[in-house]
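# Descriptive analysis of the structure
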Amino acid sequence: MKGVSIIFQRELTSYFSSLFAYLIAFALLLVMGILFVNDLTIAADLRPPDAALVPNFFAFALIFFAPLLTMRLLAEEKREGTLELLLTAPATDTAIVVGKFLGAWAYFTVILLLTFTHQFILLWVTRGQADLGIAIAAYIGIWLYGGACLAVGMVFSAITENQIVAAFLASAALFLLWIGDRVGTVISNIDIARFLRELTLQGHFVSSFAVGLMRPEDVVFFAGIITLMLFITIRLVEWNRWR
Amino acid sequence: MIEVKDLTKRYSTRLAVDHITFKAPEGEVVGLLGPNGAGKTTTMRMLTGFMPPTSGSASIAGIDILEDSLAARAKVGYLPERVPVYPDMTVEGYVLFWAKLRGAKAPRKQTAAVLERVNLADRSKTLVRNLSKGMRQRLGLAQALVHNPPVMILDEPTIGIDPQQVIEVRDTVRSLAQGHTVLFSTHILSEAEQVCDRVVIINHGKIVAQGKPAELRKKLQPDLHLYVQIDKLTSKEIEKLLKSIPQVENVQKAGDGYNVRVKKNADIRTELIDRALRAGGSIQEMRPVIATLENVFLDIVGKEDV
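These lines cover the structure that appears in this document, whether it is placed above or below. (Residues numbered from 1 in each chain as written. Chains lettered and ligands numbered in written order. Predicted model: local features only at pLDDT ≥ 70, side-chain atom pairs only at ≥ 80, totals over all residues. Heavy atoms only, no water.)

This paragraph deals with the overall build of chain A. Tallying secondary structure elements over chain A gives 10 helices and zero strands in all. Starting at the N terminus, the α and β elements of chain A follow one another as α-α-α-α-α-α-α-α-α-α. Over its C-alpha trace chain A gives a radius of gyration of 19 Å, about what one expects of a compact globule, namely 18 Å for 243 residues. Here the C-alpha coordinates of chain A stretch approximately 60 × 45 × 30 Å along the principal axes. By residue count, 53% of the 243 residues in chain A fall in the buried class. Considering only intrachain contacts with a sequence separation of at least 6, the fraction spanning at least 24 residues in chain A is 77%. As displayed, chain A has an accessible area near 11,100 Å², and 73% of this comes from carbon and sulfur atoms. Where the 15 positive side-chain charges of chain A centre and where its 17 negative ones centre are 3 Å apart. (Helix = DSSP H or I, 4+ residues; strand = E, 2+ residues; numbered from the N terminus. Rg over C-alpha atoms; globule rule 2.2 N^0.38 Å. Buried < 20%, exposed > 50% of the residue type's maximum accessible area, 1.4 Å probe, protein only. Contact = heavy atoms within 4.5 Å. Areas by Shrake-Rupley, 256 points an atom, 1.4 Å probe, with all protein chains shown as cover. Lys, Arg positive; Asp, Glu negative; His and termini not counted. Charge placed at Lys NZ, Arg CZ, Asp CG, Glu CD.)

The following block contains the structure:
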């Protein structure tokens with residue numbers, strides 16, 4: 001698709017030239033490091049350290065982290081007027097949205113890759129005894145989970161010109177999708193609770209990827225969320241033309 | 001070239017552009033002239049593929065904007081009214097991004113050439129956020145020009161910049177006429193007169209007049225008007241003298257002199273000098289009064305508004 005790679009490169013470069021993006025990554029990795037050291041200390045001589053600690057932390061942190069990464073993607077373009085130029089370039093709306101999404105997902109991937117250092121430390125501390133299977137499955141899961149969160153964030157960035165509003169609304173939506181797996185505590189009907197849990201991000205991560213299971217339905221779920229959210233974003237961008 | 005036929009845009013209840021038809025041939029700078037809110041920007045947005053028309057058709061370099069929007073967009077260089085920039089990019093990076101996105105054949109080479117053309121080559125490594133408003137305007141022109149499109153659409157490119165930069169931008173636009181079709185919107189009439197080969201006057205979404213600036217002036221003022229300033233005579237004597245010439249239709253006081261309207265195809269200059277000298281007067285100034293585009297515009301738009 002013409003234009004995807006050019007827009008992807010521009011977005012990725014933009015993250016790496018933004019102090020704000022570095023600060024977000026720094027804060028995230030700092031908290032991650034503290035939690036990791038804490039878990040190692042607690043686990044010492046009691047239990048094996050948690051190989052999925054990093055992905056599990058991200059499953060929660062993405063509620064706030066993903067909207068911070070996506071809030072400017074379209075909201076800023078609208079506010080600055082660059083969206084008008086983009087929409088008059090010979091690139092489809094799909095190429096613009098997909099390029100931007102891939103840029104954000106690539107930046108998230110880089111941050112995720114940086115946390116591999118924790119896994120190396122874990123391997124070193126446990127003298128190679130850490131359960132790498134769980135870690136690999138959890139990382140694949142959180143990578144897809146992150147993609148879904150970023151796609152949700154993009155929808156809200158396409159709705160408004162205000163980045164703060166975009167981030168707030170996306171965080172609220174992601175929080176609902178995150179906490180939704182606890183729906184069983186408020187709904188007594190097991191079937192309904194089970195169905196609603198199937199619609200949540202956590203429902204397709206905590207009991208599968210995070211414990212080393214890779215089920216096709218979970219992969220399809222995250223791929224489906226990404227596709228659906230990007231489709232909605234493309235329609236919202238298109239709507240700008242018809243206003 | 002640009003060809004527009006019955007182009008219409010309706011925003012829910014408001015008709016922003018109402019069945020406009022015009023052509024902008026290759027090698028010409030065509031001015032889209034009109035007051036704020038006349039429909040200039042909406043017209044340009046439809047031509048650039050930013051928004052679809054409600055009805056009608058338009059083609060850019062022979063490509064229909066609705067049938068093959070992407071191909072038509074590739075033929076256009078567009079500078080919106082508010083120059084949109086990415087402040088975090090360098091000047092060179094910004095232009096290169098648009099060059100690649102618009103499919104320039106040699107993006108780096110063309111970026112360097114266009115930066116040279118708009119006098120920003122020495123700023124190529126500067127962050128866009130550090131540029132002055134005038135420089136941003138030139139950067140906007142650079143991004144519109146970089147892929148060497150056959151059609152350039154510039155929405156009020158001289159708005160909000162200092163006089164020196166206005167002259168530079170006008171010169172650049174004028175120089176674009178060679179090899180490009182330029183559609184240039186403005187509400188500054190003198191600018192349209194200086195820059196444009198043809199003018200399309202638009203008001204309330206409708207075209208109210210179009211043609212060469214000189215033609216439009218002639219349409220409004222087919223007769224010769226003279227401004228005359230005569231000394232050594234009283235106002236009464238001067239008025240009597242002017243009205244005594246049979247071809248004079250109307251005399252009006254204007255500053256220190258008089259505006260004299262004469263009958264079609266009549267030339268009273270020799271007779272006027274003769275009569276003034278005989279009456280003991282001395283002619284200080286005598287010149288034809290040429291209607292400016294401003295007069296044409298106010299006349300047409302004024303009538304419309306009434």
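A few words on the sheet that holds strand S14 (residues 282-288) of chain B. Residue and element names in this part refer to chain B. Taken together, the four strands give an open sheet; going across it, the order is S12-S13-S11-S14, and neighbouring strands pair in antiparallel fashion. Every interior strand has two partners, whereas the edge strands, strand S12 (248-254) and S14, have only one. Strand-to-strand twist of the sheet, defined as the mean angle between neighbouring strand axes without regard to direction, takes the value 25°. As judged from the four bridges shared by strand S11 (residues 225-231) and strand S13 (residues 257-262), these two strands associate in the antiparallel manner. Following the sheet pairing, Leu-226 is matched in S13 by Val-260. Sheet contacts for helix H9 (residues 235-243): S11, S12 and S13; angle to S13, the most-contacted strand, approximately 15°. Along the sheet face, helix H10 (residues 269-278) touches S11 and S14 and points at about 165° away from the line of S14. (Pairing = 2+ DSSP bridges. Axes fitted to C-alpha atoms, helices over the stretch in contact; angles between N-to-C directions.)

As a further point, take the interface of chain B and chain A. Counting residues at the interface gives 27 residues for chain B and 27 residues for chain A. Taken together, the two surfaces of chain B and chain A that pack against each other cover about 2,500 Å², and 62% of this comes from carbon and sulfur. When the area that chain B buries against chain A is broken down by residue, the three leading residues are Phe-50, Arg-73 and Leu-101 of chain B, summing to 26%. At the boundary of chain B with chain A, the tally comes to two salt bridges. Note that Asp-88 of chain B and Arg-10 of chain A form a salt bridge whose closest N and O atoms lie 3.7 Å from each other. On the surface where chain B and chain A come into contact, there are eight residue pairs in polar contact (both at pLDDT 80 or more). Mapped onto the side of chain B that touches chain A, the elements with two or more residues apiece are strand S1 (2-11), helix H2 (69-74) and helix H3 (91-101) of chain B. Here the side of chain B that touches chain A gets five residues from one element, more than from any other, and that element is H3 of chain B. Looking at the side of chain B that touches chain A residue by residue, the class counts come to 16 nonpolar, four polar and seven charged. (Buried area = accessible area lost by both parts, 1.4 Å probe. Salt bridge = Lys/Arg side-chain N within 4 Å of Asp/Glu carboxyl O. Polar contact = N/O pair within 3.5 Å; in protein donor to acceptor, adjacent residues only side chain to side chain. Nonpolar A, V, L, I, M, F, W, Y, C, P; charged D, E, K, R; others polar.)

Residue and element names in this part refer to chain B. Overall, antiparallel pairing links the four strands, which are arranged S2-S1-S4-S5 in an open sheet. Each end of this open sheet is capped by a strand with a single partner; those strands are strand S2 (14-24) and strand S5 (63-64). By the bridge criterion, five bridges tie S1 to strand S4 (residues 55-60) in an arrangement that is antiparallel. Looking at the pairing, Thr-8 lines up with Ser-55 of S4.

In the structure shown here, the tally under the stated rule is 24 salt bridges over all chains. Connected via shared salt-bridge partners are Glu-11, Arg-72, Glu-76, Glu-77 and Lys-100 of chain A.

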